[in-house]
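Spelled out from the first residue to the last, the chains are:
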Amino acid sequence: MYQRLMEHLSTAVLLLDGELRVTWMNPAAEALLSVSLSRVRGSALCSSMEQEDGMEAVLTKALDACHPFTRREARLVLLGGEPLTVDFTATPLAEDELLLEVEPRDRLIRISREEALMTRQETVKVLTRGLAHEVKNPLGGIRGAAQLLERDLENPAHHEFTRIIIEEVDRLRDLVDSMLGPNRVARHEPLSIHRVLERVRTLVLAEHPGVRIERDYDPSLPDLSADEAQLIQAVLNVVRNAMEAMHEASTPEPRLVLRTRARRQFTLGAERHRLVCEVAIIDNGPGIPEALQETLFYPMVSGRAGGSGLGLSIAQGILHQHQGLIECASAPGHTEFRLLIPLETRHD
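Here's a quick rundown of the structure.

Parameters at a glance
Residues numbered from 1 in each chain as written. Predicted model: local features only at pLDDT ≥ 70, side-chain atom pairs only at ≥ 80, totals over all residues. Heavy atoms only, no water. Helix = DSSP H or I, 4+ residues; strand = E, 2+ residues; numbered from the N terminus. Contact = heavy atoms within 4.5 Å. Areas by Shrake-Rupley, 256 points an atom, 1.4 Å probe, with all protein chains shown as cover. Core = buried A, V, L, I, M, F, W, Y, C linked by side-chain atoms within 4.5 Å. Buried < 20%, exposed > 50% of the residue type's maximum accessible area, 1.4 Å probe, protein only. Pairing = 2+ DSSP bridges. Axes fitted to C-alpha atoms, helices over the stretch in contact; angles between N-to-C directions.

## Quick notes on the overall build of the chain
No. 1: From N to C terminus, the chain includes ten helices and 13 strands.
No. 2: A fraction of 60% describes how many contacts in the chain between residues 6 or more apart in sequence connect residues 24 or more apart.
No. 3: Put simply, the chain shows about 18900 Å² of open surface, and 52% of that area lies on carbon and sulfur atoms.

Shown next as structure tokens:
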């Protein structure tokens, strides 16, 4: 009876003997560890992992002390698989029997990270709009005063100074407008994401003919409902940012990968979507300094000399208009931006 109950649990449950060999596991454990009970029965659990973040020591300690032990956010790397972040509890049932409960944490960690990212983006939007209002009003007054002053100046040589004032005011106004991102409501129409990527690829190759751009597309992706011009702008901003980083670092054999995938039953923030389009933009450049990764999508934040720090902020704002977001993972030699767009986008 108890075994039948454990078979229906969503928590992964395993029974180990005194040598930490697997004697039984429920279907949730098979799904989590990507193995079948028939394959691993009788084998040492930790031998199927490249590293266990101290799991074997914790399990041995639980058996020796006859006392339950819990480890939070442990990293498990399965042979031939991706790393997992889990919470696990080892509970001795007898001297030679151990109950192991494993709860995956990756999805919850990612949801928390995405919720924080969305909250930061909304905060940035509100602050930027407030700043734009406070800056553009006096700029308009300064520009008008400079034009009136130019009319009253008798010496034409002094007109150069009023023109400088007007040009600098216009430059600041354009900068504020850039911080606000797209100044029109997105026009959602059925659109193939691959058409957007091919357009961006053509533009980038015209600017950087020496770069190698590889395509790894999923042809089964359905059309999404989006604003083509805005999506082109978002993808182009991310790609140009990668190209400039590789150019400044003099990356040998610069390479860019454009990849598309469908993600099913995918959670963005706290909302679960039936189908999500994932666009990955991967480069082999120097990577993003760790200190910048948390503030990467803030306006005016840039890791490059002379960078405006607006490109990624605008791209994130465009994805936000499409109920999506941009994630980033970076290390030297491999930086990956993932643009995630729900394929059942709601129109605001």
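## Digging into the nonpolar core
No. 1: Grouped together as the largest cluster of nonpolar side chains are 43 residues, with contacts concentrated most on Leu224, Val239, Leu256 and Ile281.
No. 2: Counting residues per element, the ones that place at least two in this core are α7 (193-207), β9 (224-226), α8 (228-248), β10 (255-268), β11 (271-283), α10 (311-321) and β13 (334-342).
No. 3: Of all the elements, α8 adds the most residues to this core, at ten residues.
No. 4: Leaving out residues up to four positions away in the same chain, valine 239 has contacts with Val200, Val204, Leu256, Leu258 and Ile281.
No. 5: Core analysis: the second largest hydrophobic core is formed by 32 residues, Ala29, Leu45, Leu84 and Leu100 among them.

## Brief notes about the sheet that holds β13
Neighbouring strands of a sheet are bound in pairs by backbone hydrogen bonds; such pairs are parallel or else antiparallel.
No. 1: Here we have five strands laid out as an open sheet, ordered β8-β10-β11-β13-β12, and mixed in their pairing. This sheet does not close on itself; its edge strands, each paired only once, are β8 (212-216) and β12 (325-331). Taken pair by pair, the neighbouring strands of this sheet meet at an average axis angle of 20°, ignoring direction.
No. 2: Bridge analysis of β11 against β13 gives eight bridges, and the strand direction is antiparallel. Bridge pairing links aspartate 283 to threonine 335 in β13.
No. 3: α8 rests against β10, β11, β12 and β13 of the sheet, and its axis sits at about 130° to β10.

These values are about where atoms sit, not about what they do.
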